[in-house]
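Listed below, chain by chain, are the residues.
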Amino acid sequence: MIELKDVTFAYPNGYIANENLNLVINNGERVAIIGQNGAGKTTAVKLMNRLNKPTTGDVIVDGNNTKERTTAQISAYVGYVFQNPDEQIFNSTVAMEVEYMLKYRKLDQKDIDRRRDRAVELTGIQDYLKMNPLDVPYSLRKFITIAVVLAMETPYIILDEPTAGQDLQGLKTLSNMMDALQDEGRSVITITHDMEFVADHFTRVVAMANKQIIADDTADNIFWNAEVIKEARIKEPQIGEIAKELGLKGNIIHRRDLVDALSHQKKAFIRGGSNEKE
Amino acid sequence: MDYEFAYSFKKPQLTNNWILDMNPLSKLNLLIILFIIPITVQSWKWNVMIIIFYFLVALVAGCFKRFTRLYLRFGLMVGLLLFVLRALFIPGENLLYKLWFINITQEGVDSGLQFSTLVVAICGAIILYSIVTRAKDFMYMIEKLGASRVISYVILSSFQSIIDLGEMSKVILDSQRARGIETEGNIRQRIKAFIPILGPLFLGAISNAEEKAIAMDARAFSMPIKNTHLCHLRSLPVGEKAILIAANIAFIGFVVWRLMA
Amino acid sequence: MKQSHKLTIFLIPIGVAVNFICGQIILLLKLPIYLDSIGTIAVGALCGGIPGAIVGAISNILNSITNPTNMAYIILNVLFGLLAGFLAKRGVFNSLWKTTLSALAFAIVGGGLGSRITYWFFGGLGAGTTGAITGILMQMGFSANTGVFITEFFADILDKIPTVIIVFLILQRIPAKTLVKLPQGKLFIKEKADTKGI
Amino acid sequence: MSYIELKQVSYQYPLASEWALNDVTYSFEKGKLYGIIGANRGGKTTLCNLVRGFIPHFYQGELMGQVLIEGKDIREWENHQLSTEIGYIFQNPFSQISGVKETVFEEIALGLENLGVDKDEMIERTIQVVKWLKLEDLIKKNPNNLSGGQRQRVAFASIIVMNHDILVIDEPTSQLDPSSTAEVFEIIHMLKEQKKTILLVEHKVELIAEYADEVLVFEKGQIASYGSPADILSRKDLMERGISIPSVALLGHEMREKNMAMDSIPITKSQALEQILKGGKNDD
């Protein structure tokens, strides 16, 4: 369990980036953190692995108060995938990059092989193991850094903007990977701007605005909460927008639900709809 | 729309401080004179006077604080050390003090005083110049003398690259820490952390350079014609020209006089 | 302008910045070395001696803003760049042991010529820790000339061995698709390079 | 009239084992906005590099076939001539800032300096672009301290000020948040209204559906399909080939599967609403 208790974070220059954060993330949970740039999402997740040390309040990771540990120590619990893979990659082959930390931790070769193979399989980078990571296309390079973190087999994994620049195949890989991780009881915390991705893959959503958590709820409740949408400046999924404009009830954000609603409550929505239009 | 700001580029970029607004090349000329005087005079008293003069110039130019911070640090770190080394180690006849195997002599102290004030005086000219002259104004003048914009670009973007890569190195440090690389442990661990930080920094910078090359190309950087300037400097005022001529004549006279003496 | 030279223009500032930032990283990691010519040598190796020399010269000038006595040593940084370009052409940076040996060549320039400069400009007693050691050697009976050579040569070789090894490790890691665009990059492309489309 | 013409173009990057573009033939007309979509590594960015002339002027490698810009082969164009003909904007907002200017105003004017435009005209044109893109609040700021979204808008301004007829825009929003994305698309929309010829690579198909005149689908270095957005983006088979289509198009297909009346598959939100309401009434 990761617990943020009344956490405020200010930079050394005094600029406050997070105020009064209270958040609990349980094992095996999948959480999306949304909100516009500058809302404090990244600083907030950096509190979870002690890249940021709380100014006041406490962050507890599986019983460890992060104040008493180094980031390198916390990294055994919390894996963090940075937004830009180029800020991390330095080995001359993909395989070496994935194995680097395992060797650093002096695991035995059998364990290293097993972890590497698993991580590589989940991220779909099998064909690239012998290549220089920087010769691998950017969208796949991101999966290399994800594999690096997966190989550490941490109970918590933080992904910063994993969908940026990904195509459908990339999204599919991400989605399968998250399912597999959840089956293993590992938590995935994702910062993202991609609301369709959130609607499709997350039940719990934390919305941030103005340095604070403004809502912590299910995806459909968040996307149907006009105030949250306005404050966090989110662009809701199109299906939700359509359902709203048709005046449908039931916090619809998924295509299937919209189709169902349309086929069942046709009469109702036509009245609602035509009233609006005319 | 702030038209006042936009149209301010029509006029030369002036700060209304006559030292700062002096042409970068005029300043260079004057400071070269100040650079050479201590070398020809070889007297620590002259050196001290010149050092004090620099502070006055910085005061008039309104950069006293910035100059003092830089210059004092240099004086203490380099000047003082040069003095101490000579005082401790230069052999001589007149022993002042004996400490284990070190003999402090009058000759050593004299030479230390002479040499350290000389170095501090000479270097003061360079430090002062860097404080009272903006790099972009200097490069503008170099371009006016016929240098290509590529040279300006390389120099000016070196400054910005230091800032950018400095920021980047912090992010990389964070990302490697997050991965579990210990950066605060024993010396072996810290040495091991060097490549994981420098590697992504250098490799990332190269691929950024590639993108920058393209981005600048898109903005006609490789145009084979002479570029124009949004910011310009004023042409040399008559007063400034007069000062320059007078200073150079006086300087040459001074050098000749010293050589005769 | 030739294509390969175009990228060089944008790598020179990077080389300069790397020279500076290495110092900052060393400070952050609290390591007892300088490593202030990695950028010069790396750019020299990748783009050729002249770009390397330019990186060295600019770095030296910028360094001189805070400590103008550095200006006396500008020729060293220029020579490091030229030497790196030359050695790279001879294939020196393609093997680790040759690279390590090359530290000797850099130290002969840095320590050998450097100590001459310290002797000419500062009578052997330059500012810095090496100056103090030279002073002690002088007290022990060495001439200023010999004293400064011994200290600066050994100080320099201690600095240049890690420097060239780091440069070697970095050069090895540069992706082939970037190497092909650099004037001397092809020297570092391994034979069985396999890159898929971008 | 065809403005940019590709005739049986194939291209391989140096050291690459596969062709990045493979026998591509297409002609782009003046004044249209072309939305270019497809899976990663399909050849979209290569197309951008080629049309702008970075291939062969910056990237070496093997180029076959002909790329004609205004009737003239790309190999015969001087690189600097192309920089006055074709504007280029790409995804990374950070590497598009020159790093040598102290204010946004100067940054935007940089391209004009390089073109040798005289000072008075330079100031007027910069002011115009600043007003047009609503960058008034930024002009005095240091471009090196801006956020990603602000930098990207400055990058647009820096290219727009040079007044190209053709603009190549490669994934301009992939590193931006939704509100910055909306701002960038407002800029693209304004450019379209000015009848610029635009090649736009973008993953966000919702935006392509809204703005493009023609859509090109790239797959394995080839143009797999092309046509109007309504034709292309309504095709469900694209999904199976790893290419997204708008979620409203999928909605349309699912409604059809449930035998709900649909004249055509919608690709934008407003079309979807219209279809649903009309369909509902027809049923009534």
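Keep in mind the model is a prediction, meaning the values are calculated, not measured. (Residues numbered from 1 in each chain as written. Chains lettered and ligands numbered in written order. Predicted model: local features only at pLDDT ≥ 70, side-chain atom pairs only at ≥ 80, totals over all residues. Heavy atoms only, no water.)

Draft legend 1. Broad picture of the domain arrangement of chain B. For chain B, the assigned domains are domain 1 (18-133 + 235-260) and domain 2 (147-218). Inter-centroid distance (C-alpha atoms) of domain 1 of chain B to domain 2 of chain B is 36 Å. (Domains from an automatic or database assignment.)

Draft legend 2. Local environment of the packing of helix H4 (residues 104-115) of chain D against helix H6 (residues 148-160) of chain D. All names here are of chain D. Across the interface, H4 lies against H6 with an axial gap of 7 Å and an inter-helix angle of 40°. On the basis of the axis angle, H4 is oblique to H6. By crossing handedness, the relation of H4 to H6 is classed as right-handed. From H4, Val-104, Glu-107 and Ile-108 reach across to H6, where they touch Val-154, Ala-157 and Ser-158. The class makeup of the residues in the contact of H4 with H6 is four nonpolar, one polar and one charged. (Axes fitted to C-alpha atoms, helices over the stretch in contact; angles between N-to-C directions. Helix = DSSP H or I, 4+ residues; strand = E, 2+ residues; numbered from the N terminus. Parallel < 35°, antiparallel > 145°, perpendicular 65-115°, else oblique. Left-handed = near helix turned anticlockwise from the far one by under 90°. Contact = heavy atoms within 4.5 Å. Nonpolar A, V, L, I, M, F, W, Y, C, P; charged D, E, K, R; others polar.)

Draft legend 3. Structural detail: the interface of chain D and chain A. Contact with chain D, which involves 32 residues of that partner, is made by 36 residues of chain A. The tally of links between chain D and chain A comes to four salt bridges. On inspection of chain D and its partner chain A, the count reaches nine residue pairs in polar contact (both at pLDDT 80 or more). For the side of chain D that touches chain A, the secondary structure elements donating two or more residues are helix H7 (178-193), helix H11 (247-257) and helix H12 (269-283) of chain D. When residues of the side of chain D that touches chain A are assigned to their parent elements, the largest contribution, eight residues, is made by H12 of chain D. Each residue belonging to the side of chain D that touches chain A can be placed in one class, and the counts come to 14 nonpolar, eight polar and 10 charged. (Salt bridge = Lys/Arg side-chain N within 4 Å of Asp/Glu carboxyl O. Polar contact = N/O pair within 3.5 Å; in protein donor to acceptor, adjacent residues only side chain to side chain.)

Draft legend 4. How the structure looks around the packing of aromatic side chains. All names here are of chain B. One pass over the full model with this rule turns up 37 aromatic pairs over all chains. Between Phe-254 and Trp-257, the aromatic rings sit 6.0 Å apart at their centres with planes inclined by 50°, giving tilted as the arrangement. Here the residue Phe-254 and the residue Trp-257 both occupy positions in helix H11 (residues 238-260), the gap between them amounting to three residues, near one helical turn. Take Phe-254: its relative accessible area is 16%, and that puts it in the buried class. (Phe/Tyr/Trp six-rings, centres within 6.5 Å; stacked < 30°, edge-to-face > 60°. Buried < 20%, exposed > 50% of the residue type's maximum accessible area, 1.4 Å probe, protein only.)

Draft legend 5. Molecular detail of the sheet that holds strand S10 (residues 222-227) of chain D. All names here are of chain D. Strand order in the open sheet formed by six strands is S6-S7-S8-S3-S9-S10, with mixed pairing between adjacent strands. Edge positions in the sheet fall to strand S6 (86-89) and S10, since each of these pairs with one other strand and no more. In this sheet, neighbouring strand axes are inclined to one another by 20° on average, regardless of whether the strands run parallel or antiparallel. Relative to strand S7 (residues 166-170), S6 runs parallel, the two being bridged by four bridges. The residue of S7 that forms the bridge with Gly-87 is Leu-167. Each of S6 and S7 is contacted by H6, which is oriented at about 170° to S6, the strand it contacts most. (Pairing = 2+ DSSP bridges.)

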